[in-house]
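# Close look at the chain arrangement
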Amino acid sequence: MLIRWRRAAPVALALVLVPALPVQADEVRGSQQKVIDTLALPQAWRVTKGKGVTVAVLDSGVDPDHRDLAGSVIVGKDFTEGANPPGVAPRQLHGTYMASLIAGHGHGPEGGEGVIGVAPEARLLSVRVILEDEEKGFGAFNSDERFENVVANGIRYAVDRGADVINMSISKELATKEERAAVRYAISKGVVLVAAAGNDGAGKKGANGFAPYSYPAAFPGVISVAATDQGARRASFSNDNPSVTVAAPGVDILGAGPGDEYWVGRGTSQASALVSGVAALVKSKYPKLSPALVAQALTAGAVRGTRGGYDTGTGFGVVNASRSLSTAARLAKHTHVAATAQNPDQALGPGPADPIQIVRRDRRHIALYGAIALAGALGAALSVGAIVLVVKRARRTYSYDDA
């Protein structure tokens, strides 16, 4: 499932959430086991579970009272305020679902029941920037210009409130300069941005042979996430284009819903949330790692398909939390900026340096001096030849006199 919007507002829920029948808590965890194993989470959790990291969920809102999320959610600003009629509460379905995949901690003895997220010890910052299409204010939100920059504003808000990772399981067809500027601002502050690649992969391809690009996923610097099926192949609905960075499971994914419910769904939304969780694990262990190096850890640690390398369906492969942490350990030993004696940190801008000497090339003088040099060389050669000739004559004269 993926929330999409035109201009800045949603138009539909892509694919359908199927509410699960009441199940026992151990059945919930059992339904997650395939994803847990695919992402190699048991091995990664021996290193970190995301403590100390805040993941902002830019979505439809998160239920902070769900038993699998209680105590982990900071309720942030609602940028959609005024779209719904007075007294109508947000449904918070999609946002709660995504939040549980990122940082659900389960409940019961030792958290052994319910949904476990990729980074169960991470904090969540809920930032409401979207309405679900069932909400009464959906139409107004979709058409009112005052909501046009909600996502850009939400990104800046999350950055300024200490988010380390921002998950955006949302999609639109056109980019705006405000969103691009907000992405640039987040990256400049060291924040990792993750977004869903989109669910239009099963439709008609564009003139370039690819599925349409989706924003904010297609912005440079954003980790664009595709969805895979249970066979680790690109899911038929997942967008196939060169914006895709990595992939994660996105078919029949179980997560939490408002009011202690559980839901099953499919989409690049779920895949994006899972990758945000892996990014949170990396940032927890290596907090100073830049967004570019976090992305490199995810791509280098991903499990490639049978063809290996990169492809536009699954990017550099399916994320693997354990391998990403191992790669991050190597990357953390290096810096992404070059240091010099005059400027220890190039991120601060150019430092003091000696004046640069400019050399002016005068072709006429070069030709003149070249001719003089050539003449000198010729003269030297003639002189050597004359000396050799004189020596030979002297030798002949000496031999004749001696006779």
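Relevant structure appears above.
Computed from a predicted structure; not experimentally measured. (Residues numbered from 1 in each chain as written. Predicted model: local features only at pLDDT ≥ 70, side-chain atom pairs only at ≥ 80, totals over all residues. Heavy atoms only, no water.)

### Considerations on the pairing of strand E8 (residues 123–128)
Stated precisely, the cut-off is as follows: To sort residues, take the accessible area from a 1.4 Å probe on protein chains only and compare it with the maximum for the residue type: under 20% means buried, over 50% means exposed, and anything in between is partly exposed. The helix count covers DSSP runs of H or I at least four residues long, the strand count covers runs of E at least two residues long, and both are numbered beginning at the N terminus. Only when DSSP finds a minimum of two bridges between them are two strands counted as paired.
Taken across its six residues, E8 has five buried, putting it largely inside the fold. Note: strand E4 (residues 54–59) against E8, six bridges, orientation parallel. Bridge pairing in E8 links Leu58 to Val127. Summarising the sheet, strand E5 (residues 73–78) and E8 pair through four bridges and their orientation is parallel. Within E8, the position partnered with Ile74 by the bridge is Leu125.

### Focus: helix H5 (residues 150–160)
For H5, the tally of buried residues reaches eight of eleven residues, placing the bulk of the element in the interior. The complete set of buried residues in H5 reads Val150, Val151, Ala152, Gly154, Ile155, Tyr157, Ala158 and Val159. Gly162 occupies a position one or two residues after H5 and carries a positive phi of about 90°.

### Quick word on the side chain of Thr176
The criterion, for reference: Whether two residues are in contact is decided by their heavy atoms: any pair within 4.5 Å suffices.
Among the secondary structure elements, Thr176 is positioned in the loop between strand E10 (170–172) and helix H6 (177–188). In this structure Thr176 touches Asn149 and Phe219, once residues within four positions along its chain are discounted.

### Examining unusual backbone geometry
A cis amide bond, omega 15°, links Tyr215 with the succeeding residue Pro216. Relative to the assigned elements, Pro216 resides in the loop between strand E11 (192–196) and strand E12 (223–228). With phi around 65°, Ala232 is a residue other than glycine that occupies positive phi space.

### A few points about helix H7 (residues 268–285)
What counts is decided by this rule: By definition here, a helix of n residues has an expected span of 1.5 Å times n minus one.
Counted at 1.5 Å a residue, the expected span for H7 with its 18 residues is 26 Å, and the 26 Å between its end C-alpha atoms agrees. With 17 of 18 residues buried, H7 is to be regarded as a mostly interior element.

Remember that the coordinates give geometry; whether it matters functionally is a separate question.
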